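Reading the structure
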Amino acid sequence: MTEFATKLVESLQPISDQFKSLNVPEPVTHWGHPFFMGIVIVAMGSFVAISGWRSRTTTDPEVANKNKADHRKVAPLMTVFLATGYTGGLLSLVMQGKPLLESPHFITGSVVLTLLAINGAISLTGFGGNKPLLRNAHAYLGSAIVMLLVAHAFLGIKLGLSI
């Protein structure tokens, strides 16, 4: 295990010990993270993607504005839930005594959060003054993130079945 992973385990261990003292059943410790993140990915991820694309593709300004507003409300919340879930996944591994930072699932999760930060930054700039190139980059990067989340979920199931 790398030095960083060791330090991370050491910093998460007290939190892990607190959760272990609650006598959380092993299936909840093992499958809680994938269950709840699956809900976030399916429910929020699909809603964010669909509302984002509907706001771009509809010809009805009222529908476009409603979808744009919905996208703006839910996308940041989804990002917060995914970041929290990322931490929860690490904590779950610490509670189970499994290695951190080594699986393809960890790598895809890290890439997802990085891409979400980039995509959020693009939107926070007002798409660089409403530049079509940045609007398109935001839309296609967001779609790529959703596809990566699907791959991430499959890697997570594979990881869960292996430990």
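Rules used throughout
- Residues numbered from 1 in each chain as written.
- Predicted model: local features only at pLDDT ≥ 70, side-chain atom pairs only at ≥ 80, totals over all residues.
- Heavy atoms only, no water.
- Patch = residues over 30% accessible without salt bridge, like charges linked within 9 Å, V, L, I, M, F, W, Y side chains within 5 Å.
- Areas by Shrake-Rupley, 256 points an atom, 1.4 Å probe, with all protein chains shown as cover.
- Salt bridge = Lys/Arg side-chain N within 4 Å of Asp/Glu carboxyl O.
- Helix = DSSP H or I, 4+ residues; strand = E, 2+ residues; numbered from the N terminus.
- Buried < 20%, exposed > 50% of the residue type's maximum accessible area, 1.4 Å probe, protein only.
- Phe/Tyr/Trp six-rings, centres within 6.5 Å; stacked < 30°, edge-to-face > 60°.
- Axes fitted to C-alpha atoms, helices over the stretch in contact; angles between N-to-C directions.
- Parallel < 35°, antiparallel > 145°, perpendicular 65-115°, else oblique.
- Contact = heavy atoms within 4.5 Å.
- Nonpolar A, V, L, I, M, F, W, Y, C, P; charged D, E, K, R; others polar.

Here we come to a nonpolar patch on the surface. Taken together, the side chains of Ile-15, Phe-19, Leu-22, Val-24 and Val-28 define a hydrophobic patch exposed on the protein surface, amounting to about 420 Å² of accessible area. Inspection of the secondary structure assignment puts Leu-22 in the loop between helix H1 (3-20) and helix H2 (26-57).

This brings us to the pattern of salt bridges. One pass over the full model with this rule turns up 1 salt bridge. Salt-bridge contacts for Lys-66 lead to Asp-70; the nearest nitrogen and oxygen are separated by 2.7 Å. Here Asp-70 and Lys-66 lie together in helix H3 (residues 61-95), a separation of 4 residues that amounts to about one turn. For Lys-66, a relative accessible area of 53% corresponds to the exposed category. With a relative accessible area of 14%, Asp-70 lands in the buried category.

Bringing the packing of aromatic side chains into the picture now. Evaluation of the coordinates by the stated rule reveals 3 aromatic pairs. With a centroid separation of 5.0 Å and an interplanar angle of 80 degrees, the aromatic rings of Phe-35 and Phe-36 are classed as edge-to-face. For the pair Trp-53 and Tyr-140, a centre-to-centre distance of 5.3 Å together with 70 degrees between the ring planes defines the contact as edge-to-face. With Trp-53 in helix H2 and Tyr-140 in helix H6 (residues 132-162), this pair connects stretches of sequence that are 87 residues apart.

A separate point is the packing of H1 against H3. Any two packed helices are characterised by how steeply their axes cross, that is the angle between the axes, and by the distance between the axes. Close contact between H1 and H3 brings their axes to 9 Å; oriented N to C, the two are set at 80 degrees. Classified by the angle their axes make, H1 and H3 are roughly perpendicular. Across the interface between the two elements, Leu-8, Val-9, Leu-12, Gln-13, Ile-15, Ser-16, Phe-19 and Lys-20 of H1 pack against Leu-90, Leu-91, Val-94 and Met-95 of H3. Residues that form the contact of H1 with H3 fall into these classes: 9 nonpolar, 2 polar and 1 charged.

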